[in-house]
Each structure stands twice: as structure tokens, then as C-alpha cells.
Amino acid sequence: MNILVVGGGGREHAVIKALKKNQTVDKIWCLPGNGGIEADAECFPIKATDLDGILAFAKERRPDFAVVTPDDPLCLGLVDLLEEIGVPCFGPRKNAAVIEGSKVFSKQLMEKYKIPTAAAHTFTSPQSALAYLESCDYPTVIKADGLALGKGAVIVSSYEDAERVIDDMMVKKIFGESGSHVLIEEYLTGPEVSVLSFTDGNIVVPMVSSMDHKRARDGDEGLNTGGMGTIAPNPYYTSEIADVCMKTIFLPTIEAMRKEGRVFKGCLYFGLMLTPKGPKVIEYNCRFGDPETQVVLPLLQSDLLTVMQACRNGTLTADMVKFSEGAACCVVLASDGYPQKYETGYEIVLPETKEGEEIYVAGAKRAEGKLLTAGGRVLGAAATAPDLKGAVKKAYALAEKISFKNAYMRRDIGKRALEAQAGRETDKHISE
Ligand code: AMP
Ligand code: GLY
């Protein structure tokens, strides 16, 4: 079988490495891929948003299956177009990808179907938003409606802050049309959990839970990034909480989408907050998370391609998806200065990896036989181990062996999770 993968980050590298385990896979073509992915797939310089280019490629090469992972092509309807020319795809169609593409849509869906989430109001003019902000409680959260490179949610602590954000989003339109509608929502507190799930539109099978580390600096300080590291499983996400989420969030969401005539097939990502009043949805993503995928897929024991095909064909069953009991950690190495200004073009020296270690390349290109940095997040050093402590240690040991001139990494990926785990074990001990 020949497979087409659309995307070019660490997440796609993890997907490709998992797909390659299937013996029936002959070739993997990745558009556009990157200099590191080239070791595992044939890459072509066609951007993930160049729908015409991708379609022309698919017509010529006729892949047997396609996996579309980034949000933009999904929201633009790439899956619909590929399916139309007879290429079966993993990923939601445009009318279902809107669950991520429009925060106003997803908020209305949750309100209509009583899925727990932060209370929110939608505004279409800066005047009405500001009038509301004059009398609301702070902190509060302002979100641009559409895709905004993960930067569309801002927590504001005063009216003055809020005024600036409304001006940026609705008047200066720093996120373009994404800011023509904004949501202002209740500020929630509690640990955050990412739960990616496989769904064929009928049933939903959650993957192992994970925890992202979105801020640039240790101790969750600094600017928001695409994610500086991840661990799985997330110790806050107990089996009791998982049961509650299945009943109150996962199944109701899949059913709501079906009832709305927007059957969701693919990977639905639930960004959850475990609030004192129970788990609530912070956001939905219509795709695998990055860098969550880099810790979730290494723990998947089942064959990824088979599961993806079942999602597409509407034949998914819960027993098709098995995860190992172990844990995983991924430490992102970024170019120093990310997410703001940073330099690229430095040579990356990669070590050999051992069993249970993987390097997932995100922002790198190949030139004159060398691998050079080419982005903010350059790569992820990932490891699996029987327990979280071992996985964190192993991932950092691997990260230490990777070198490029301006490499930067957080030093505390997994720290909070390990503390939570230790706290829970102490509590259990006391109550026994
Ligand atoms: P989003 O783009 O919706 O995923 O939001 C990005 C981050 O902002 C989340 O991971 C949370 O840390 C934070 N956030 C979003 N919505 C809320 C909320 N209602 N209350 C508190 N924090 C939030
Ligand atoms: N790591 C968060 C995301 O993929 O949206």
C-alpha cells in the first residue's frame, strides 16, 4: 500500500513512524514533510494548504490511503476533495472540522447538547464586547472565533488588558477574519488534560491521556507556544474521571455532531479542564495534537493504519485500540527565542536511538547532506518506559545527546505530573 501523509511537523513524523510498522505499507509520501521526516518517507515540497497541488499529486500517484493531520487543510475541506477523487482518507470532512475551525460553532454545539464547558458570550462588534467587559468578572478569557495558530485565546486580568486584546483581534484583526467574532468566556481553573480519541462517527475510543506544557519557560512561565513537551498518561486523569468524560463529554459530542449532520470521523482531540465542578471542555481540535501525538502513538500497541481505516469505514470497535501500560515523555528542543525571534540554519547532530527512544523532527531541512534547523520547534526527544519517572529521565537523557547551536528546552517537562502522581500515592496510602 502507498500512503499519503499531509503535514510536516513532529506530529506527522510520529504518525509516519507508526504507520511504517504495518507490513503492508510500501511507500509513504509526505507533503511537505521536513528534512528529518525524509529519513522515513518520501517528501515533496507541496504545502499542506496548497489544496490544488495536493490534489494534482494524488491524481498522479493514486495513494491507497491518505492521512490529513493539520487543522488548516482539514478546515479547508481537503478530505472532501480527496475522497471525491477516490482516495480514502483519515480525517474529518470540512463540515465536521468546523468543531475546531469555529469556536463559536463549538460553543453553541456544547450549549445546545448540554456538554460541560465554560459559560460564554459571543460578540460581533468591538463596542458590544467592550460594553460587556466593563461589568464582567476578571480574570476572563477572550477567544478569536477561527484558527489563530494556537494564539487565539487570551486570559485577561483587567478591563485595560481586555480593551487591548479586543482592539488587536476585532479592530487591527491580527488574526484576520478569525477575529470578526469573539467569545468572552468564564475563566476556569484546574489541571488540564488532553484526550485524543479515534472515532468513526458512531463510537469513540479515547487514546491514552496526555499533558501538554504550552508555556515557553520552566514553571509554566513565559509566552504560549505550540507545546514544549508532553507526558502520557496524565496522572490527573483517573479512571473515574475518564468514565465521567465518556458519559458527559465524549459520547455526547460524537452524537451531537451526528445529529447536526456533521458526522466526525478521524481523531477528535478533547482539551479538558478538571474543574472543581467536574471536567469541562476548553477546546476541541479536529486532529491529532502536537506534541501530544509524540507521546500517545509510541504507547499504541495496535496497528495504526488498521485503526485509521476502521475510522474512515465506520467499522471501529473499542477492542481494536490497545495501549501499553507504560508511560512516555517528549521534550521539545526549540531554537532559542521561540516563540518570538530566533535564528535558524544551524547543523543538527542526531545520536543513534535505542529501543524505546525516538526523535521526531519538526523544524529542519536538509542541505548539502546536513540536517539544519529551520523552525521554532526543531524536534522532540521522546522515550517510553514502564513508568513516568523512567520515561522523563530517558527523554531528557536523549535530549542531552542532541546538539545544535541555539538549542533551548524546558527542564521541567513531567515535573508537575510526577508531583501529582506522588501526591495521589500519598493520599491513597493515608486512606488505606
Ligand atoms: P485554547 O486555544 O482554547 O486551547 O486555549 C489555550 C489555553 O488557554 C488553554 O490550554 C488554557 O490553558 C487556557 N484557557 C482557555 N480557555 C480557558 C478558560 N475558559 N479558563 C481558563 N483557561 C483557559
Ligand atoms: N498541543 C496542542 C495542540 O496540538 O493544539
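As the structure is a prediction and not an experimental result, all values here were calculated from the model.

Draft legend 1. Representation of the site of ligand 1 in the model. Near ligand 1 you find 15 residues, and of these E185, E186, L188, E192 and E283 are the closest. Between ligand 1 and the protein, one listed contact pairs a nitrogen atom with a side-chain N or O atom of K143 at 3.0 Å. Within the side chain of E185, a nitrogen or oxygen atom sits 2.8 Å from a nitrogen atom of ligand 1. Out of a free accessible area of 480 Å², ligand 1 has 90% covered by protein chains. Of all the secondary-structure elements, those providing two or more residues to the shell around ligand 1 are strand 7 (140-144), strand 8 (153-156), strand 9 (182-186) and strand 17 (278-285). Of the residues belonging to the shell around ligand 1, the class tally is eight nonpolar, no polar and seven charged.

Draft legend 2. Representation of helix 12 (residues 388-400). An ideal rise of 1.5 Å per residue puts 18 Å on 13 residues; helix 12 measures up with 18 Å between its terminal C-alpha atoms. By the burial criterion, the buried members of helix 12 are L388, A391, V392, A395, Y396, L398 and A399. With its buried residues spanning 160° around the axis, helix 12 presents them on a single face. In helix 12, the exposed positions that point more than 90 degrees away from the buried face belong to K389 and K393.

Draft legend 3. Region of interest: unusual backbone geometry. Residue Y138 is joined to P139 through a cis peptide bond whose omega torsion reads -5°. Unlike most non-glycine residues, K114 shows phi in positive territory, near 55°. For K114, the location among the structural elements is in the loop between helix 6 (103-112) and strand 6 (120-123). Its identity is not glycine, yet E368 carries a phi of approximately 50°, on the positive side.

Draft legend 4. Seen up close, the sheet that holds strand 16 (residues 266-275). Pairing is antiparallel across the open sheet formed by four strands, whose spatial order is 11-10-16-17. Each edge of the open sheet is held by one strand with a lone partner, namely strand 11 (204-206) and strand 17. Adjacent strand axes in the sheet meet at a mean angle of 35°, parallel and antiparallel pairs treated alike. Of the strands in this sheet, strand 10 (192-199), strand 11, strand 16 and strand 17 touch helix 9 (residues 239-259), which is tilted by about 130° from strand 16.

Cut-offs used in this document
- Residues numbered from 1 in each chain as written.
- Chains lettered and ligands numbered in written order.
- Predicted model: local features only at pLDDT ≥ 70, side-chain atom pairs only at ≥ 80, totals over all residues.
- Heavy atoms only, no water.
- Near = heavy atom within 4 Å.
- Polar contact = N/O pair within 3.5 Å; in protein donor to acceptor, adjacent residues only side chain to side chain.
- Areas by Shrake-Rupley, 256 points an atom, 1.4 Å probe, with all protein chains shown as cover.
- Helix = DSSP H or I, 4+ residues; strand = E, 2+ residues; numbered from the N terminus.
- Nonpolar A, V, L, I, M, F, W, Y, C, P; charged D, E, K, R; others polar.
- Expected span 1.5 Å × (residues − 1).
- Buried < 20%, exposed > 50% of the residue type's maximum accessible area, 1.4 Å probe, protein only.
- Arc of directions from axis to C-beta.
- Pairing = 2+ DSSP bridges.
- Axes fitted to C-alpha atoms, helices over the stretch in contact; angles between N-to-C directions.
- Contact = heavy atoms within 4.5 Å.

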